[in-house]
Amino acid sequence: MLIELGDIHSIPVSHGEGKFIAPENVIRELEKNGQIATQYVDANGMPSANIPFNPNGSMHAIEGITSPDGLVLGKMGHSERFGINVGKNISGNKIQPIFTSGVKYFK
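Cut-offs applied
- Residue positions are given per chain, counted from 1 along the sequence in the order it is written.
- Since the coordinates come from a predicted model, pLDDT governs what is reported: local features require at least 70, and pairs of side-chain atoms require 80 or more to be given and counted, while whole-chain, interface and lining totals use all residues.
- Calculation of side-chain values draws on the structure's entire complement of heavy atoms; hydrogens and water are dropped beforehand.
- In DSSP terms, a helix is any run of H or I states spanning at least four residues, a strand is any run of E spanning at least two, and both are numbered starting from the N terminus.
- Partly exposed describes any residue whose relative accessible area lies between the buried limit of under 20% and the exposed limit of over 50%, with all areas from a 1.4 Å probe on protein chains only and scaled to the type maximum.
- Only heavy atoms enter the contact rule, under which two residues are in contact if any of them lie within 4.5 Å.
- Reported accessibility uses the Shrake-Rupley method at a 1.4 Å probe radius. Residues are deemed covered only where the shown protein chains occlude them.
- Polar contacts here mean pairs of N or O atoms no more than 3.5 Å apart (in protein, one a potential hydrogen donor and the other a potential acceptor; neighbouring residues in sequence count only if both atoms are side-chain atoms).
- The pairing criterion for strands is at least two bridges between them, as found by DSSP.
- All axes here are fitted lines through C-alpha atoms, helices being fitted over the stretch that makes contact, and every angle between N-to-C directions spans 0 to 180 degrees.

> Got a sec to walk through the overall build of the protein? Specific residues and values, please.
Helices and strands together make up the secondary structure of the protein, namely 2 helices and 3 strands. For the protein, the succession of helices and strands along the chain, N to C, is α-β-β-β-α. Expressed along its principal axes, the backbone C-alpha trace of the protein runs to roughly 40 × 40 × 25 Å. A burial count over the protein gives 22% of its 107 residues as buried. Summarising the internal contacts of the protein: among those between residues at least 6 apart in sequence, 59% fall at separations of at least 24. Of the roughly 7,500 Å² of accessible surface on the protein, a fraction of 59% belongs to carbon and sulfur atoms.

As structure tokens, this is what we get:
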């Protein structure tokens, strides 16, 4: 596995308007089905509604969800933006290998 449950990544966010919102019953269903893939978390790894951890105010700190079968991932952070000159002033793990993991899964 390239990504483990509980891993924390510092991912660039560059939107000012989008945020995850849904009726509470839909969020409970997503949670029950294990479809909440990623959340905005604080320095202790706890889901957070507070800026700067949750920059857009997404409900339940949801950053990304999957389709019911787990084959489609929709997320807000920009996991594709990493490199030696990206986020130099931000600490943390900036490489979230979701694309490599997806290719590996389908091979």
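Having put the structure on the table, let's press on.
> Any chance you could break down the side chain of glutamate 63 for me, citing the residues and the numbers?
Inspection of the secondary structure puts glutamate 63 in strand S2 (residues 62–66). Residue class for glutamate 63 comes out buried when judged on its relative accessible area of 8%. At 2.5 Å, the side chain of glutamate 63 forms a polar contact with the backbone nitrogen of glycine 77. With residues up to four places along the chain from it excluded, the contact list for glutamate 63 reads Thr38, Gln39, Tyr40, Gly74, Lys75, Met76 and Gly77.

> So what about the side chain of histidine 78? Which residues, and what values?
Within the secondary structure layout, histidine 78 lies in the loop between strand S3 (73–75) and helix H2 (98–106). Judged by its relative accessible area of 19%, histidine 78 is buried. A polar atom in the side chain of histidine 78 sits 3.2 Å from the side chain of serine 14. Residue contacts for histidine 78: discarding those within four places in its chain leaves Ile11, Pro12, Val13 and Ser14.

> Which residues make up the sheet that holds S2, and what are the values?
Taking strand neighbours across the sheet as the criterion, the 3 strands line up as S1-S2-S3 in an open arrangement whose pairing is antiparallel. What marks the edges here is a single partner per strand, and that holds for strand S1 (36–39) and S3. Averaged over all pairs of adjacent strands, the angle between their axes in this sheet comes to 15°, without regard to strand direction. Judged from the 3 bridges that link them, S1 and S2 form a sheet pairing that is antiparallel. Across the sheet, residue threonine 38 finds its bridge partner in S2, namely glycine 64.

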